[in-house]
Amino acid sequence: MDDSRARERVGRVEALLEELEALPDPAARERAVEVVEALLDLYGEGLSRIVERIAARDDGELAQALSGDELVSHLLLLHDLHPVPLEQRVRGALDEVRPYLESHGGDVELLEIADGVARLRLEGSCSGCPSSTMTLKLAIEDAIQKAAPDLRAIEAEGAARPPAPAQGLLQLEVSEALHDRPAGATDGEPRWATAGGMAELPGGGSVVRRVSGEDVLFLRLNGTLYAYRPACPECGASLDRAALEAAELTCAACARRYDVRGAGRCLDAPGLHLDPVPLLVDDAGLVKVALGTAVA
């Protein structure tokens, strides 16, 4: 379902709340806040009655459908009415992003959720690899912000630092404006960019494509897409003419071989590795990559 109209309305509410907070008269500002709180309480009570009726008569199918709608889901979360438990939603988000982690030879395990904080453990090649922090912050956060925006924070073993709390479609606080930002879109940090459908790689192969002003190397192996920055870490040459055989990518300039499936690790010199670019494929089949800040 297209959420563009809902996002436009979120933007409108954001602007109005900013105007409200800028009112010079403290009494008028306090009364306006009181009106907003009263409306939230009223609509929250109405939603609560709807949820109760559904729970009493439905076999779960309708409740699941409603909770699967991004806007409805966040409205339910706003009023603490979401029918799917937090842990179940987090596990579902991790299942969504797991194919990306596995494509780089790693995995993620949910250890626990306590006091609104999810503790994760990165496993395999993701643990300690140069892309682990970016993978966690962008790929996992992007999935979690849709399923569990009420999660306060994420802590991960095997990452250089935890990502910022996820931001959902709706995060209404009377004292703050509504937020409608993609995960990882804070100032100076990587952002998601759409690369298209990769029609030039229908059955496999590699291609360097310009995405939002940056070159990205895309590869398809057995139906799975991978993305790396296109410079060879040994000689600096572009990998646009590199030979791809099975899962080995060989630089045409220096003949160094890299394991595409194994997070770009060099098969000839263990200290070298390609620079992975976090990649996700949306429901429409469009490829998104995280650009902006190179993985250190």
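Up top is the structure.
Notes on the structure follow. Every chain is numbered independently, its residues counted from 1 as its sequence is written. For a predicted model such as this one, the threshold for reporting local features is a pLDDT of at least 70, and the threshold for listing and counting side-chain atom pairs is 80 or more; totals across whole chains, interfaces and linings nevertheless cover every residue. Only hydrogens and water are set aside when side-chain values are computed; all heavy atoms of the structure are taken into account.

Quick notes on the sheet that holds strand 7 (residues 224-228)
By way of backbone hydrogen bonds, the strands of a sheet pair with one another, either parallel or antiparallel.
Logical step 1: Strand order across the open sheet formed by three strands is 5-6-7, with antiparallel pairing between neighbours. This sheet does not close on itself; its edge strands, each paired only once, are strand 5 (205-211) and strand 7. For this sheet, the mean inter-axis angle between neighbouring strands, taken without regard to orientation, is 25°.
Logical step 2: Inspection of the sheet shows strand 5 paired to strand 6 (residues 214-221) by seven bridges, in the antiparallel sense. What sits directly across from Arg209, in strand 6, is Val216. Only strands that DSSP links by at least two bridges are regarded as paired with each other. Only DSSP runs of H or I covering at least 4 residues are called helices, and only runs of E covering at least 2 are called strands; the numbering of each starts at the N terminus. Between N-to-C directions, angles cover 0 to 180 degrees, with each direction set by a line fitted to C-alpha atoms, over the stretch in contact for helices.

Section: a nonpolar patch on the surface
Logical step 1: Patch membership needs two things, relative accessible area over 30% and no salt bridge, and members are linked within 9 Å if like-charged or within 5 Å if nonpolar (Val, Leu, Ile, Met, Phe, Trp, Tyr). Computed with the Shrake-Rupley method and a 1.4 Å probe, the accessible areas treat only the protein chains shown as cover for residues. A carboxyl oxygen of Asp or Glu within 4 Å of a side-chain nitrogen of Lys or Arg is what we treat as a salt bridge. On the surface, a nonpolar cluster with roughly 400 Å² of combined accessible area is contributed by Val35, Leu39, Leu42 and Tyr43.
Logical step 2: Taking the relative accessible area as the measure of exposure, Leu42 reaches 54% and is therefore exposed. Only protein chains enter the accessibility calculation, which uses a 1.4 Å probe. A residue is then buried if its area is under 20% of the maximum for its type, exposed if over 50%, and partly exposed in between.

Observations concerning the pairing of strand 13 (residues 287-291)
Logical step 1: Where burial is concerned, most of strand 13 is hidden: five out of the five residues are buried.
Logical step 2: Here strand 13 shows no split at all, with Val287, Val289 and Leu291 on one side and Lys288 and Ala290 on the other all buried.
Logical step 3: Pairing analysis gives five bridges linking strand 4 (residues 191-196) to strand 13, with the strands arranged antiparallel. Bridging from a neighbouring strand, Arg191 pairs with Leu291 of strand 13.
Logical step 4: Of the pairings in the sheet, the one linking strand 12 (residues 279-281) to strand 13 comprises three bridges and is antiparallel in character. Each residue of the ladder has a partner; that of Leu280, found in strand 13, is Lys288.

These results come straight from atomic positions and should not be treated as a statement about function.
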